[in-house]
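Reading the structure
Now for the letters of each chain:
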Amino acid sequence: MSFLNIDNVTKAYGNVEVLHRVDIAVEEGEFLVLVGPSGCGKSTLLNMIAGLENISGGTISIKDRVVNDVHPSKRNIAMVFQSYALYPNMTVGQNITFGMEMHKIPKPERDRKLAEVAKLLQIEQLLARKPGQLSGGQRQRVAMGRALVRDPDVFLFDEPLSNLDAKLRVDMRTEIKKLHQNLGTTIVYVTHDQIEALTLSTRIAVMNKGYVQQLGTPKEIYDNPANMFVASFMGSPSMNLLPSKLVDHNGALAAELSDSNGAAVRLPLSQQGASLRAHLNKNVILGIRPEAITDAEGADKRAQNLQPLRNMVSVTEPAGSDTFVTMSLSGKDCVARMRADADARPRQDFDFTVNMDKAVLFDPQTEERIDQ
Amino acid sequence: MAVATQDTAVRTGRITRTFIYVVLIFFACFYLLPFFIMMVNSVKPLPEITGGNMMALPKEPTIAPWLSAWSTAQIGVEATGLKPYFLNSILMVVPAVAISTVLGALNGYILTKWRFRGDTILFGLMLFSCFIPFQIVLIPMARILGILGLASTIPGLILVHVVYGIGFATLYFRNYYAAVPTELVRSAQIDGAGFFQIFWRIMLPLSGPITIVCIIWQFTNIWNDFLFGASFAGSNPPMTVALNNLVQSSTGVKEYNVHFAGAILAALPTLLVYIVAGRYFVRGLMAGSVKG
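Note that residues are indexed from 1 along each chain, following the sequence as it is written. Going through the entries in the order they are written, you letter the chains from A and number the ligands from 1. Confidence filtering applies because this is a predicted model: local features only for residues at pLDDT of at least 70, side-chain atom pairs given and counted only at 80 or more, and all residues used for totals across whole chains, interfaces and linings. Side-chain numbers here rest on the full set of heavy atoms in the structure, without hydrogens or water.

**Things to note about the overall build of chain B**
Secondary structure elements follow DSSP: runs of H or I no shorter than four residues count as helices, runs of E no shorter than two count as strands, and numbering proceeds from the N terminus. The number of helices and strands found in chain B is 13 helices and 0 strands. Traced from its N-terminal end to its C-terminal end, chain B shows the element sequence α-α-α-α-α-α-α-α-α-α-α-α-α. Relative accessible area decides the class of each residue, using a 1.4 Å probe on protein chains only: under 20% of the type maximum gives buried, over 50% gives exposed, and in between gives partly exposed. Counting across all 292 residues of chain B, residues that qualify as buried make up 40%. As displayed, chain B offers around 16100 Å² of accessible surface, 72% of which is attributable to carbon and sulfur atoms. Areas reported as accessible are Shrake-Rupley estimates using a 1.4 Å probe. Residue values count occlusion only from the protein chains shown.

This is the structure in structure tokens:
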């Protein structure tokens, strides 16, 4: 059995089921991120692991112990909340040691652990202050200190970075990752930010409407999305999802699209499996990441299947390190991510190169992958 | 041009401000006038009042009326002054305020942080007690006090005031605690704190302003209550009832100076509470009402 085991877990409020048969096994030392739009059930799942919401069906076990009916304080978990939930009437030091005090750990032991954690998080000079006198980043550290000091089996993070400004968020993200690498703790982390999910996790569970849409490593999730929801939710700018038709092109399968003039464009696919062939002459959705569409020089040199595509540029957005170029394909805006100095100009034709190795195909009705 | 415009602006401001202050001072005097009359007449000998002008300052100031009101004036059949009744009021008001405030805080804590099915309905029912007129409950209350064996006792009176006070106290604390993030409670739960530990260590230390509001409100209401005191206190009536007995006595000469002194004595504690904690009152009342 795995370290943290979520087995067939369901959550219902009355007759309304908000979380449907979730199965996730987390190994020791893993950094699992639950990601999804608001209302997808990710925070509910986290609260169920914490014991703050009861479990309607299925079991959750930590270290082979079923914790369904175990009080939050006895599950040996620690949680960092979105608002940090620091006790405003206590000093930083008291905040960090409150949990140990409640567990009747003697004072010398508490002081020793407090000093240890304060040193680790570099908040030694803040211990006598009240939370109201701290900046956002400092509060964040204290909240993590309060979790760390308890030496828990599992850390739970509930959108801990969403109250910070953009720069601080990136810094704290790195810091959380460092902490995980140094301490090797097991972490379950909830966020709606797909960048946080991709950068921090060892595994991601993408959730929507109470279902786990896909569970996998960041690379699996990014390169091989299981369905159109995962494809469009993960990645920024999101994957281009283009309505097209699966056709036979000189004996090989190709996706047929229309360019900005309405003329047909055929892009031969790298995947030629039998399951895909069943969709021949049917409508499919072609998914291509923006970075798979470049100019000829910027294309991935190791790619097997680079296809040229000449189309009119509608908008260019220079973003410093990259330039985002938008064109119209099959009536949809299609974004390409170019080198900063790519020579694309609005309202002019441009020679794109499409890396079809990275292309994925979806069924327009079921929205599921069909090329695997 | 710009300078000229600003000049006019300043002048207009000054006129407006003067007008506002004049009006404010007028109204302040208007409201202070009754207190002035009470104060002035409570330190005059009786002939000066009956033979002269109510508004005039005392010619021979004396504190005898105050001493008389406090310790020797005829209240009902006994010449004890207001002193024992003042004590009755204190014995009634302190426990009643303390108990209703603590229960209100607990109710507010439960209704916001330990929610259960039907909690809003329960809260709505509790609010009824804020709006039910005292007269309606007199007879059922008398019956209940009789059953409990608390009729005509101070503990009985305390019970009545606690029951009536819980509604407002709960309203205050519920609205105040609604603004306290629930994550604090959840965090404390994970830290291993129990129901009362969270209340005692986390919620109560945050409740300063609203506690003061609640205390002022309950203290003023309970201290000033006449109806329950007159109905349920029996032989140990509170200050308000005694004051009425003093002022309404139909025998002998009407000692207006003593009456005035007694009335001020009866009003003094609430005045004191308000002066000491009044600024929190406005602040806390806003916090409770706006964020609810």
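**Quick look at the packing of aromatic side chains**
By convention, a stacked pair of Phe, Tyr or Trp rings (six-membered ring in the case of Trp) has centres within 6.5 Å and planes under 30 degrees apart, an edge-to-face pair has planes over 60 apart, and any other such pair is tilted. On inspection of all chains with the given rule, the structure shows 25 aromatic pairs over all chains. Note on A:Tyr87 and A:Phe98: the rings are 4.9 Å apart at their centroids and 65° apart in plane angle, and the pair reads as edge-to-face. Residue A:Tyr87 is found in the loop between strand 6 (77-80) and helix 2 (92-102), and its partner A:Phe98 is found in helix 2; the two are separated by 11 residues along the sequence. Residue A:Phe98 is classed as buried on the basis of its relative accessible area of 0%. For the ring pair B:Phe86 and B:Trp223, a centre distance of 5.5 Å and an interplane angle of 75° mean the geometry is edge-to-face. You can see B:Phe86 sitting in helix 4 (residues 83-113) and its partner B:Trp223 sitting in helix 10 (residues 208-224), a full 137 residues away along the chain. Put simply, the rings of B:Tyr109, B:Trp114, B:Phe195, B:Phe196 and B:Phe199 touch in pairs and so form one group of aromatic residues. A:Arg146 extends its terminal NZ or CZ atom over the ring of A:Tyr87, reaching a point 4.8 Å from the ring centre. One cation-aromatic arrangement involves A:Arg289 over A:Tyr222; the distance from NZ or CZ to the ring centre is 3.9 Å. Counting as a charge over the ring demands two things of the Lys NZ or Arg CZ atom: a distance within 6 Å of the ring centre and an angle within 35 degrees of the ring normal.

**Things to note about the interface of chain B and chain A**
Contacts between chain B and chain A engage 15 residues on the former and 27 residues on the latter. Both faces considered, chain B and chain A share a buried interface measuring about 1800 Å² in area, 58% of it formed by carbon and sulfur atoms. Only one rule defines a salt bridge in this text: a Lys or Arg side-chain nitrogen within 4 Å of an Asp or Glu carboxyl oxygen. For the pair chain B and chain A, the number of links is 2 salt bridges. The salt bridge involving B:Asp191 is made with A:Arg150; its shortest N-O contact spans 4.0 Å. N or O atoms within 3.5 Å of each other form a polar contact, as long as, within protein, one can give a hydrogen and the other can take it, and as long as residues adjacent in sequence are counted only when both atoms are side-chain atoms. Connecting chain B to chain A are 9 residue pairs in polar contact (both at pLDDT 80 or more). When contributions to the side of chain B that touches chain A are tallied by element, the ones reaching two or more residues are helix 8 (182-190) and helix 9 (195-203) of chain B. In this analysis, two residues are considered to be in contact whenever any of their non-hydrogen atoms come within 4.5 Å of each other. Buried area, as used here, totals the accessible surface that two parts lose on assembly, with accessibility defined by a 1.4 Å probe and the loss added over both.

**A word on the sheet that holds strand 5 (residues 65-66) of chain A**
All names here are of chain A. If DSSP finds at least two bridges between two strands, the strands pair. Read across the sheet, 4 strands follow the order 2-1-4-5 without closing on themselves; strand pairing throughout is antiparallel. The open sheet has two edge strands with one neighbour each: strand 2 (16-26) and strand 5. As judged from the 2 bridges shared by strand 4 (residues 57-62) and strand 5, these two strands associate in the antiparallel manner. By the bridge assignment for strand 5, isoleucine 62 is matched with arginine 65. Axis geometry follows a simple rule: fit a line to the C-alpha atoms, using only the stretch in contact for helices, then measure angles between N-to-C directions, giving values from 0 to 180 degrees. Most of the contacts of helix 1 (residues 42-50) go to strand 1 (residues 4-13), to which it runs at about 115°, and overall it touches strand 1, strand 2 and strand 4.

**A word on the environment of A:Gln133**
Residue and element names in this part refer to chain A. With respect to the helices and strands, the residue glutamine 133 is situated in the loop between helix 3 (107-121) and helix 4 (136-148). Here the alpha-carbon distance between glutamine 133 and threonine 353, two residues 220 residues apart in the chain, equals 54 Å. In this structure the side chain of glutamine 133 is engaged in a polar contact, spanning 2.8 Å, whose partner is the backbone nitrogen of lysine 130.

**Describing the side chain of B:Asp119**
Relative to the elements of secondary structure, B:Asp119 occurs in helix 5 (residues 119-131). In this structure the side chain of B:Asp119 is engaged in a polar contact, spanning 2.7 Å, whose partner is the side chain of B:Arg115.

**Considering the sheet that holds strand 18 (residues 332-339) of chain A**
Residues and elements named next belong to chain A. The sheet built from 5 strands is open, its strands ordered 15-19-16-17-18 with antiparallel pairing. Across the chains shown, the open sheet's two edge strands, defined by having one partner strand only, are strand 15 (293-295) and strand 18. On average, each strand axis in the sheet is tilted by 50° relative to the strand beside it, whichever way the strands run. In this sheet, strand 19 (residues 349-355) lies alongside strand 16 (residues 306-318) in antiparallel orientation, the contact comprising 7 bridges.

**Here we look at the nonpolar core**
By nonpolar core we mean a set of buried residues, namely Ala, Val, Leu, Ile, Met, Phe, Trp, Tyr and Cys, connected to one another through side-chain atoms within 4.5 Å. Judged by nonpolar contacts, the single largest core of 58 residues is most densely connected at A:Ile24, A:Leu34, A:Leu45, A:Ile60, A:Leu156, A:Val188 and B:Tyr177. When sequence neighbours within four positions are dropped, the list of residues in contact with A:Leu156 reads A:Leu46, A:Ile49, A:Ala50, A:Ile77, A:Ala78, A:Met79, A:Val80 and A:Val188. Listed in part, the 41 residues of the second largest apolar core include A:Val33, A:Phe157, A:Val206 and A:Phe233.

**Focus on the layout of surface pockets**
Any space left empty among the atoms is revealed by the rolling of a water-sized probe across them. Its boundaries defined by the atoms lining it, the largest pocket holds a volume of some 440 Å³. In terms of lining residues, the largest pocket is bounded by 17 residues, among which A:Leu52, B:Lys113, B:Arg115, B:Arg186 and B:Gln189 are the most central. If you list the elements that add at least two residues to the lining of the largest pocket, you get helix 4 and helix 8 of chain B. Its residues assigned to classes, the lining of the largest pocket comprises 5 nonpolar, 6 polar and 6 charged. Space inside and on the surface of the protein is sampled on a 1 Å grid over the protein atoms alone, with a cavity defined as a set of points where a 1.4 Å probe fits but cannot get out and a pocket as an open set with protein on both sides within 12 Å along at least 5 of 7 lines; lining residues have an atom within 4 Å of a point. Grid points are joined across faces, edges and corners, and a volume is the space filled by probe spheres set on the points. Each residue is assigned to one of three groups, with Ala, Val, Leu, Ile, Met, Phe, Trp, Tyr, Cys and Pro labelled nonpolar, Asp, Glu, Lys and Arg labelled charged, and all others, Gly among them, labelled polar.

**Structural notes on the packing of helix 4 of chain A against helix 5 (residues 166-183) of chain A**
Residue and element names in this part refer to chain A. At a closest axis distance of 11 Å, the pairing of helix 4 and helix 5 adopts a crossing angle of 20°. The angle between helix 4 and helix 5 places the two elements in the roughly parallel class. Here helix 4 and helix 5 pass one another in a crossing that is right-handed. Residues Gly136, Gly137, Gln140, Arg141, Met144 and Leu148 of helix 4 lie in contact with helix 5, whose contacting residues are Leu168, Met172, Glu175, Ile176, Leu179 and Leu183. Angles below 35 degrees are treated as roughly parallel, those above 145 as roughly antiparallel, those between 65 and 115 as roughly perpendicular, and all remaining angles as oblique. What makes a crossing left-handed is the near helix being turned counterclockwise from the far one by less than a right angle; a clockwise turn instead makes it right-handed.

These figures capture arrangement, not role.
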